[in-house]
Amino acid sequence: KKFADLSKKNAGEFYTPRSIVKLLIMLMAPKAGETVYDPACGTGGMLIEAIRYMHDDKLTYGKIYGQEKNLATSAIARMNLFLHGARDFKVTQGDTLRSPNYLERGSLQTFDCVVANPPFSLKNWGAEQFSSDIYGRNIWGCPTDSNGDFAWLQHMIKSMKPMDGKVAVVLPQGVLFHSGKEGDIREQLIKSDLIEAVVALAGGVFYGTGVSACILFLNNQKRPEHKGKVCLIDATNIYTPKRAQNVMEEKDINEVFKLYQEYKDVIEKCKIVSIADLDAAGN
């Protein structure tokens, strides 16, 4: 965090505000013994928070996986996990979209919990190769090389365990309304009934980027009463203003989490919509 405070400009590449990490893990609620994977793990903060959430249970040993493109950052992630007391984890270096490191019998390895804050709107991420991806990650199509957001999302979906996998991811809010190829992919994503919740976050809670972000929470095993529905949470006003930037404090993320848990309409904060409604609205 101190590093991010000092070097605002590119700090977002390495650092996700702690409270946002915490909220992602709360939504995903990993259980001790489940596998957790971050395909863009940076310095390992999400994986550390997942282990903390599971009370450092010994069952987490051998169940924690991360991949990070930047060599130095991946080394820091390993050290960071080690210094936080993690044991028997795998953090490897490599370009996840071009060459994912975790494979089983030639297919992508799948995990119980997939969590990430991938680089926003990544350019030159390898669209040509992805368009005929040997791992079948282009489930609903291939985004353009000027924006990799939906490539990351489809990689994460393909990395979830088929029956009970979950995904929690931070992406720019553009994924909610961009048209063209992204619109086509989003339409199919909505129809798949994987989305459990969408949280629109306040602007300025991320370092060095004016981009407003959102959290998508996807679940292969939605509760029966959540099927065919999506919980839309407007958290754009749920933050604590500070001198240098807006922050989400503990009370703020708890308020957002409570809205998700209650899964009911709250004026100006939360709306439960049906997939039919979303489809009709052309979103």
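Above: the structure in question.
What you are looking at is a predicted structure, and each value in this text was computed from that prediction instead of being measured. (Residues numbered from 1 in each chain as written. Predicted model: local features only at pLDDT ≥ 70, side-chain atom pairs only at ≥ 80, totals over all residues. Heavy atoms only, no water.)

Draft legend 1. Broad picture of a nonpolar patch on the surface. A surface patch of nonpolar side chains, about 440 Å² in accessible area, is lined by I76, M79, F82 and L83. With respect to the helices and strands, L83 occurs in helix 5 (residues 71–83). The class of L83 is exposed, set by a relative accessible area of 66%. (Patch = residues over 30% accessible without salt bridge, like charges linked within 9 Å, V, L, I, M, F, W, Y side chains within 5 Å. Areas by Shrake-Rupley, 256 points an atom, 1.4 Å probe, with all protein chains shown as cover. Salt bridge = Lys/Arg side-chain N within 4 Å of Asp/Glu carboxyl O. Helix = DSSP H or I, 4+ residues; strand = E, 2+ residues; numbered from the N terminus. Buried < 20%, exposed > 50% of the residue type's maximum accessible area, 1.4 Å probe, protein only.)

Draft legend 2. Up close: the nonpolar core. Ranked by internal contacts, the top residues of the largest apolar core, which has 48 residues, are L201, I215 and I233. At 8 residues, helix 3 (residues 18–28) tops the list of elements feeding residues into this core. Leave out the neighbours within four places in its chain, and L201 touches I20, Q173, F206, S212, A213, C214, I215, A235, T236 and M248. Of all hydrophobic cores here, the second largest spans 29 residues; its members include M156, I157, I195 and V198. (Core = buried A, V, L, I, M, F, W, Y, C linked by side-chain atoms within 4.5 Å. Contact = heavy atoms within 4.5 Å.)

Draft legend 3. Representation of the packing of aromatic side chains in the model. Counted under the stated rule, the structure contains 9 aromatic pairs. Pairing Y37 with Y102 gives two aromatic rings, centres 5.8 Å apart and planes at 85 degrees, and the pair type is edge-to-face. With Y37 in strand 1 (residues 36–38) and Y102 in the loop between strand 3 (90–93) and strand 4 (103–104), this residue pair connects regions lying 65 residues apart in the sequence. Taken individually, Y37 and Y102 each receive the classification buried, so the pair is uniform in this respect. Here the aromatic rings of Y102 and F111 are separated by 6.4 Å at their centres, their planes lie at 90 degrees, and the arrangement is edge-to-face. Across the pair, exposure class does not vary: Y102 and F111 are buried alike. (Phe/Tyr/Trp six-rings, centres within 6.5 Å; stacked < 30°, edge-to-face > 60°.)

In short, shape yes, function no, at least from these values alone.
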